[in-house]
Amino acid sequence: MKHLKRTKIVDILKLTPTNEIINVKGWVRSKRGNKNVNFIALNDGSTIQNIQLVVDVEKFGEEYLKPISTGACISVNGILVASQGQGQAVEINASEIHIYGEADPLTYPLQKKGHSLEFLREIAHLRPRTNTFSAILRIRHAMAFAIHNYFNNHGFFYLHTPIITASDCEGAGQMFQVTTMDLQHIPTDESGKVNFSEDFFGKPANLTVSGQLEGELGALALGSIYTFGPTFRAENSNTPRHLAEFWMIEPEVAFYEIEDNMDLAEDFLKYLIQYALDNCKEDLAFLNQMWDKELIERLEFVTNNKFIRLSYTEGIKILEEAVKNGHKFEFPVSWGTDLQSEHERYLVETHFKCPVILSDYPKEIKAFYMKLNNDNKTVRAMDVLFPKIGEIIGGSQREESYEKLKSRIEEMNIPLKDMWWYLETRKYGTAPHSGFGLGFERLLLFVTGMGNIRDVIPFARTPKNADF
Ligand code: 4AD
Ligand code: MG
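Values in this document were obtained by computation on a predicted structure and should not be read as measured data. (Residues numbered from 1 in each chain as written. Chains lettered and ligands numbered in written order. Predicted model: local features only at pLDDT ≥ 70, side-chain atom pairs only at ≥ 80, totals over all residues. Heavy atoms only, no water.)

**Student:** Would you explain the overall build of the protein chain in this entry?
**Tutor:** Along the protein chain, the regular secondary structure elements total 14 helices and 16 strands. Its C-alpha atoms give the protein chain principal-axis dimensions of roughly 85 × 60 × 45 Å. Long-range pairs, those at least 24 residues apart, make up 67% of the contacts in the protein chain with a sequence separation of at least 6. In the form shown here, the protein chain has an accessible surface area of approximately 23,000 Å², with 52% of it arising from carbon and sulfur atoms. Considering the protein chain, the positive charge centre built from 51 side chains and the negative charge centre built from 62 side chains are found 4 Å apart. (Helix = DSSP H or I, 4+ residues; strand = E, 2+ residues; numbered from the N terminus. Contact = heavy atoms within 4.5 Å. Areas by Shrake-Rupley, 256 points an atom, 1.4 Å probe, with all protein chains shown as cover. Lys, Arg positive; Asp, Glu negative; His and termini not counted. Charge placed at Lys NZ, Arg CZ, Asp CG, Glu CD.)

**Student:** So what exactly am I meant to see when it comes to the packing of helix 12 (residues 402-411) against helix 13 (residues 420-427) here?
**Tutor:** A pair of packed helices is characterised by two quantities: the angle between their axes and the separation of those axes. Two numbers describe how helix 12 lies on helix 13: the axes approach to 9 Å, and their chain directions differ by 155°. Compared by their axis directions, helix 12 and helix 13 come out roughly antiparallel. Listed contacts from helix 13 to Tyr402, Leu405, Lys406 and Ile409 of helix 12 are Tyr422, Leu423, Arg426 and Lys427. Grouping the amino acids of the contact of helix 12 with helix 13 by side-chain chemistry returns five nonpolar, no polar and three charged. (Axes fitted to C-alpha atoms, helices over the stretch in contact; angles between N-to-C directions. Parallel < 35°, antiparallel > 145°, perpendicular 65-115°, else oblique. Nonpolar A, V, L, I, M, F, W, Y, C, P; charged D, E, K, R; others polar.)

**Student:** What's the story with the pattern of salt bridges in this structure? I'm lost.
**Tutor:** Applying the stated criterion to the full structure yields 22 salt bridges. Ionic pairing is found between Glu349 and Arg345, a salt bridge with its closest N-O pair at 2.8 Å. Placement of both Glu349 and Arg345 in helix 11 (residues 341-352) is noted, with a separation of four residues, approximately one turn of the helix. Between Arg408 and Glu411 there is a salt bridge, with the nearest N and O atoms lying 2.7 Å from each other. A residue pair is termed a helical-turn pair when its members lie 3 or 4 positions apart in one helix, as Arg408 and Glu411 do in helix 12 at three residues. Residues joined in a network through salt bridges with shared partners are Glu216, Glu252, Arg398 and Arg426. (Salt bridge = Lys/Arg side-chain N within 4 Å of Asp/Glu carboxyl O.)

**Student:** How should the sheet that holds strand 9 (residues 205-207) be read in this particular structure?
**Tutor:** The antiparallel open sheet is built from three strands, whose spatial order is 7-9-8. Each edge of the open sheet is held by one strand with a lone partner, namely strand 7 (164-165) and strand 8 (177-178). Here strand 7 pairs with strand 9 via two bridges, running antiparallel. Counterpart to Thr165 in the pairing with strand 9 is Asn206. (Pairing = 2+ DSSP bridges.)

**Student:** Help me understand the site of ligand 1, please; the structure alone is not making it clear to me.
**Tutor:** Around ligand 1, the surrounding shell holds 25 residues, and the nearest of these are Glu170, Gln212, Arg233, Glu250 and Glu391. Glu250 places a polar side-chain atom, nitrogen or oxygen, 2.6 Å from a nitrogen atom of ligand 1. Within the contact set of ligand 1, an oxygen atom lies 2.9 Å away from a side-chain nitrogen or oxygen of Arg398. A total of 630 Å² of accessible area belongs to ligand 1 in isolation, and the protein chains cover 93% of it. Mapped onto the shell around ligand 1, the elements with two or more residues apiece are strand 11 (245-254), strand 15 (390-397) and strand 16 (433-439). For the shell around ligand 1, the element with the most residues is strand 15, which contributes five residues. The class makeup of the residues in the shell around ligand 1 is nine nonpolar, eight polar and eight charged. (Near = heavy atom within 4 Å. Polar contact = N/O pair within 3.5 Å; in protein donor to acceptor, adjacent residues only side chain to side chain.)

**Student:** Got a minute to help me understand the domain arrangement of the protein chain in this structure?
**Tutor:** By a frequent convention, interface size equals the accessible area lost on bringing the separate parts together. According to the domain assignment, the protein chain contains domain 1 (9-101) and domain 2 (127-174 + 209-455). Taken residue by residue, the interface counts eight residues in domain 1 and eight residues in domain 2. Summed over both partners, the interface of domain 1 with domain 2 buries about 660 Å², with 40% contributed by carbon and sulfur atoms. Among the residues of domain 1 in contact with domain 2, Trp27, Arg29 and Ile48 are the three that bury the most area, contributing 69% of the side total. (Domains from an automatic or database assignment. Buried area = accessible area lost by both parts, 1.4 Å probe.)

**Student:** For this particular structure, what's the right way to read the sheet that holds strand 14 (residues 378-386)?
**Tutor:** By definition, the strands of a sheet pair up through backbone hydrogen bonds, in either a parallel or an antiparallel sense. Read from one edge of the open sheet, eight strands run 6-10-11-16-15-14-13-12, paired in mixed fashion. In this open sheet, the two edge strands, each paired with only one partner strand, are strand 6 (157-158) and strand 12 (308-311). Sheet strands touched by helix 14 (residues 440-448): strand 10 (224-232), strand 11, strand 14, strand 15 and strand 16. Its angle to strand 16, the strand with the most contacts, is close to 55°.

**Student:** I tried to follow the nonpolar core on my own but got confused; where do I start?
**Tutor:** When a protein is soluble and globular, its nonpolar side chains tend to lie buried together. Core analysis: the largest hydrophobic core is formed by 65 residues, its most contacted members being Met143, Val384, Phe386, Ile392 and Leu443. Per-element accounting of this core gives the leading share, eleven residues, to helix 7 (residues 258-279). One finds Leu339, Leu347, Leu358 and Ile414 within the second-largest nonpolar core, a separate group that totals 32 residues. (Core = buried A, V, L, I, M, F, W, Y, C linked by side-chain atoms within 4.5 Å. Buried < 20%, exposed > 50% of the residue type's maximum accessible area, 1.4 Å probe, protein only.)

**Student:** Before we go on, may I ask you to explain helix 13 in this structure?
**Tutor:** Note on helix geometry: an α-helix contains 3.6 residues per turn, so any two residues three or four positions apart are oriented the same way. Along helix 13, the residues that are buried comprise Tyr422, Leu423, Thr425 and Arg426. The arc that holds the buried residues of helix 13, viewed along the axis, is 145°, so those residues lie on one side. Each element contacted by the buried residues of helix 13 is listed here: helix 6 (212-222), helix 12 and strand 16. Of the residues trailing helix 13, Gly429 is marked for its positive phi of about 65°. (Arc of directions from axis to C-beta.)

Encoded structure:
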C-alpha cells in the first residue's frame, strides 16, 4: 500500500473534493451494501462525524472485504469526491485498503447500537469508541482547555499542589491512607499502636481531598492562583454525583472578599458553558438529541441569567415554607442541618428556577478554615447550586485572623502540630482571601446532560470498583 500522511476525518470534512488521493485511518462503525459496492462508515475519534468509504467489491474481492466488520481498524487510500448519496457532502472512493485489526462479530461487544449506559460501564475499555462517550471525552478535553484559558486570561497562575499529604483539608476524615508498610506485619510500639515512624513518610499520609491549603500558600504570595488536579474521597456514597477519585479546580485569590469570590464563580461557570456552546456544537447537538432534549436550552439559560444570591438562613425559610405547604422531602430540614441534594434542587429547580449561590452557613456544618461572621454562628461559606446537579461549587472567604483560626482548629480537635505551616500564613503578612472548588465531573454532568457521574470520567473509581 502506498504510504501517505494520514488526514484526520475532522479535517477531511472541511476539504473540497479534488482529484488527489488521501489517506484515512480509523475504526469501522458500519458496513452495508450489495454485491457490487460496499459503503463503510469510518470514525477516527477526531469528530463525531464518520467519513463514508465507497468500496468496489469486485476490485478488492468479497473474501478480502469480509473481515472489515464493525469495530475493525483499517487504513484507506482513496480519492475524496463529492458524495452522490444523502447525508454527507464528501466521501472517499477507496483505491487501497489495509486491515490493521479485525473485530470478530461473534464476540465484539459493540456490535449493535443502543447499549445501555450501565452495560457500557462494564466495558469501559471500549466505550470511548461509541458516539456518546467520544462526544463526552471531547467535551471533557474542551472544558479542561477552557479552564486553563480562562485563568491564564485573568492573570491566575497554575499551582501544582501535592497529591500526597499529611493534613485533612475538609476535616471530614474521608481519606485514603498511603503506606508502604506490610499490612501483614505492621510495626507497632510497646503499647501496641502502629509505629508510623517506620512508614515511608515517617508519619501517617493520605491522598489529598483538596489542594486548597497549599493553594492558600500560593495565593498569599502570587496573588491569584488555581489548582487543577485529582482529589480523593473515601466516602462510601454510591450516588450518581460522587466519585472516590475526581478532579477539582480550585482558584484562590488574595484580597478577595466573599462577594468577589461569588462574582468569580459566576463569571467562570458562564464562560465555561459558553465555551462549550461555541466550541462543542456537534457533540452537544448529538447528546441533546440522544439523551437530553433540554440540554442546550438549559446551558443557554444559565449563560443568560444572573444567579440568585441568598443566605443559608433565607434558604432554610423557603424550604420550611415548602414543607408547610405539603412538599415532601426525604430528609428533614431546619436551621443547622446540612442541605441534601433534594433541598438544593428544590431551591434551584422548583423555587427560583435559576442557579443559586447560597452563603453564610452555620459554622458547625462547614470546614475549620472558613471566616467567622460577626454573629459568631455562621461562616462566610458559599455553595453554587445548579439545576440537575445540586452543589457544583463549594467555597468560602478564609479566616485570616491567627487567633480565630487557631481557636477553630482547637475547637474541632485538629492536631495543631500538623497545621503549623498553614497557621504561619496568618502570623506573617496575613491578608483577606477567598477561593472555591469546582468539581470537574459535576461541571461535566451539567454540560453533557448525563445523569451519572460514572459516565463523564474515562475510568470511574467508586466503592468496590477500580477496574480498568
Ligand atoms: O465542597 P468541597 O468539599 O470543597 C472543598 O474541597 C474546598 N477545599 C474547595 C475550596 O474552597 N478550595 O468540594 C468542592 C467541590 C464540590 O462542590 C463538588 O462539586 C466536588 O468538589 N465534589 C465532588 N465531586 C465528585 N465526587 C465527590 N465525591 C465530590 N466531593 C466534592
Ligand atoms: Mg461542599
